[in-house]
Amino acid sequence: MKPVLWFLLSWKRYWKRPGFLLLLLVLPCSAFFFQKEEDKPQQGIRIAVYAESKDPDSLDQMLVEKLTAYRNEAEGMFSFYQVSSMEELEKEVAARKAECGYVIYQGLEEKLEKRKWKGAIGLYEAPSTVAGLLSTETVFSLMIEEYDKTLFLNYMADKLPRAKEEGLGDGYENGYGNEYKSEYENDDLDAEELYDSFLKNGTTFQFLYEDGIEGKGRSGKDMPGREDGSGQTDRLSQGEDLNQTGNFLHSLQEESKEAVPRQEKGTIFPVRGFVAVFLFITGLYGGVTLGQDEKQGLFFMLPAMEKGLCRFASLAAPVMLGAVSGIATLWISGEMGFWLRELGLLLAYAIAVTIFSMAVKRITVRGELLSCMIPFFLLGSLIFCPVFVDVGQYVKGARLIGRLFLPYYYLAFF
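Residues numbered from 1 in each chain as written. Predicted model: local features only at pLDDT ≥ 70, side-chain atom pairs only at ≥ 80, totals over all residues. Heavy atoms only, no water.

**A word on the packing of aromatic side chains**
Counted under the stated rule, the structure contains 19 aromatic pairs. Taken together, a centroid distance of 5.6 Å and an interplanar angle of 80° make the contact between Phe33 and Phe34 edge-to-face. Residue classification places Phe33 among the partly exposed residues on the basis of a relative accessible area of 48%. Looking at Phe34, the relative accessible area reads 31%, which means it is partly exposed. Seen in terms of ring centroids, Phe280 and Phe377 are 5.6 Å apart; in terms of plane orientation they differ by 85°. Their pairing is edge-to-face. With a gap of 97 residues between them, Phe280 in helix H11 (residues 271-295) and Phe377 in helix H14 (residues 367-384) connect regions that are remote in the sequence. When its relative accessible area of 0% is taken as the criterion, Phe280 is described as buried. Cluster of aromatic residues (ring-pair linked, three or more members): Phe280, Phe356, Phe376, Phe377 and Phe405. Looking at Arg46, its charged tip hangs above the ring of Tyr81, at a distance of 4.1 Å from the centre. (Phe/Tyr/Trp six-rings, centres within 6.5 Å; stacked < 30°, edge-to-face > 60°. Buried < 20%, exposed > 50% of the residue type's maximum accessible area, 1.4 Å probe, protein only. Helix = DSSP H or I, 4+ residues; strand = E, 2+ residues; numbered from the N terminus. Lys NZ or Arg CZ within 6 Å of the ring centre and 35° of its normal.)

**Thoughts on the pattern of salt bridges**
Following the criterion strictly, the structure yields 9 salt bridges and no others. Arg96 is paired through a salt bridge with Glu99; the nearest N and O atoms lie 3.1 Å apart. Looking at Arg96, the relative accessible area reads 38%, which means it is partly exposed. Given a relative accessible area of 23%, Glu99 falls into the partly exposed group. Here Glu294 makes a salt bridge to Lys361, at a shortest N to O gap of 2.0 Å. Of the two residues, Glu294 sits in helix H11 while Lys361 sits in helix H13 (residues 339-364), which places them 67 residues apart along the sequence. Taking relative accessible area as the criterion, Glu294 reaches 23% and is therefore assigned partly exposed. (Salt bridge = Lys/Arg side-chain N within 4 Å of Asp/Glu carboxyl O.)

**What about the nonpolar core?**
The biggest cluster of nonpolar side chains holds 37 residues, and the ones touching the most others in it are Leu279, Phe280, Ile281, Leu284, Leu346, Tyr349 and Tyr410. Of all the secondary-structure elements, those providing two or more residues to this core are helix H2 (18-39), H11, helix H12 (304-333), H13, H14 and helix H16 (407-411). Sorting elements by how many residues they give to this core places H11 first, with 10 residues. Judged by nonpolar contacts, the second largest core, of 27 residues, contains Tyr70, Phe80, Tyr102 and Tyr147. (Core = buried A, V, L, I, M, F, W, Y, C linked by side-chain atoms within 4.5 Å.)

**Things to note about the side chain of Gln61**
With respect to the helices and strands, Gln61 occurs in helix H3 (residues 59-68). Non-local contacts of Gln61, meaning those with residues more than four positions away in its chain, are made with Ala51, Ser53, Lys54, Asp55, Pro56 and Gln82. (Contact = heavy atoms within 4.5 Å.)

**Description of the packing of H3 against helix H7 (residues 131-156)**
Packing of H3 against H7 leaves a shortest axis separation of 10 Å and a crossing angle of 125°. What the angle tells us is that H3 and H7 run oblique. Here H3 runs over H7; the crossing is right-handed. Along the contact surface, H3 presents Leu59, Met62, Leu63, Lys66 and Leu67, while H7 presents Val139, Leu142, Met143, Glu145, Glu146 and Tyr147. Class assignment of the residues belonging to the contact of H3 with H7 gives a composition of 8 nonpolar, no polar and 3 charged. (Axes fitted to C-alpha atoms, helices over the stretch in contact; angles between N-to-C directions. Parallel < 35°, antiparallel > 145°, perpendicular 65-115°, else oblique. Left-handed = near helix turned anticlockwise from the far one by under 90°. Nonpolar A, V, L, I, M, F, W, Y, C, P; charged D, E, K, R; others polar.)

Spatial relationships are all this shows, so hold off on functional conclusions.
Structure, rendered in structure tokens:
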């Protein structure tokens, strides 16, 4: 009965320490803050877009619509938004409301068909920004995604009669079996219908596009554009020779039959790792406090049989308070799994921390020495245990060192 009473009295004593209570609140409050920040819609890098053509069916306007919808669909890092005029785009970039701006000049599709790349798309950049270089690939890929159907139809314009003679209408028997035969066994084989069908029936149409400069990688700096009267230099930042996209691979491949489920993610704040380390350090701090209590003779009058249990209860009190803080942190951050499993693992870990701290305290004898060792255990846990990253995947022997620290074993269950 005395160990239980000692545990409750120690619990009450720690409750009266403002500094310790503040530490208990740090993790839940931090988790709450990070969770709220992550729940906010992220705006991304703002990039202005303007198309000179107002025809809603033109490639120019379709590309603008695709760019403005890009972030919502793909959760990308760029947030494209449309402006109403060239002057507005220049003002947005000059005022740094947009990191850069793209101007889609009149007749984009006609220029691409005639291989007139210069002056097709202009890029306006704010000083000392890299958003232009980073976003050009996204703009170009979305343009090709919108334009590839036209490329395919142009490519197949004189190929379909020969394709039908070679057995295209017989179900792609050369390597692809007869699973699509029923779709194309009629005589009226249309390239557009074929393209749309293969986008929807579990296969994909692929093409390969390259920068057309003797195998060099893309570089916006190597692609001069047109000079306008304002002194601004515009450039199409991708590809000197778009005709290289004609060298695409006309191939069909099976998609994976089982889609990989997207795992639900918690907060990017490494909550569980910090909870494990916090509990570990709390136990060591409890060991230091226990040493001070022994020095003051707090356990001197207790019977020998109860002395050890009361010491353990005194040390367990701050650890259990830390465990309560840890459970609250996991719940607030959304990292909480099945509650019974979480409680069981955290309770077992708290007991292990108490036993370990008691053992280290007995080995060091002096509380001052144990206090000096706390930074070593803290840094070792943060570095060698998978709190931020699993160092053992990159550094040979790091996992063996990590096993010297208790958080390693708790985090191994997750």
